[in-house]
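Residue-level structure breakdown
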Amino acid sequence: MEKINEEQIERLYTILNKYFIQLDWIKKVCNITNIREMNVWQYNGLLMIIQQVNDINGQY
């Protein structure tokens, strides 16, 4: 499985900081020990979940 690149890692850190999401939570959800182990499928899925939660919370 293809791993995420440096640009995607930086974008992920930006999003995590923006929404106050702890990196440890992401490691547990994705079952990884290092952010560089994340593959593209996990990365895209995580971004979709964050976007959906943001959209739902923005409606209230």
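The following paragraphs examine the structure supplied in this document. (Residues numbered from 1 in each chain as written. Predicted model: local features only at pLDDT ≥ 70, side-chain atom pairs only at ≥ 80, totals over all residues. Heavy atoms only, no water.)

**Here we look at unusual backbone geometry**
A positive phi is found at Phe20, a non-glycine position, where the angle reads about 55 degrees. With respect to the helices and strands, the residue Phe20 is situated in the loop between helix H1 (6–18) and helix H2 (23–30). Judged by its relative accessible area of 72%, Phe20 is exposed. Backbone geometry places Asn31, a non-glycine residue, at a positive phi of 55 degrees. Secondary-structure assignment places Asn31 in the loop between H2 and helix H3 (40–58). Assessed through its relative accessible area of 70%, Asn31 is described here as exposed. (Helix = DSSP H or I, 4+ residues; strand = E, 2+ residues; numbered from the N terminus. Buried < 20%, exposed > 50% of the residue type's maximum accessible area, 1.4 Å probe, protein only.)

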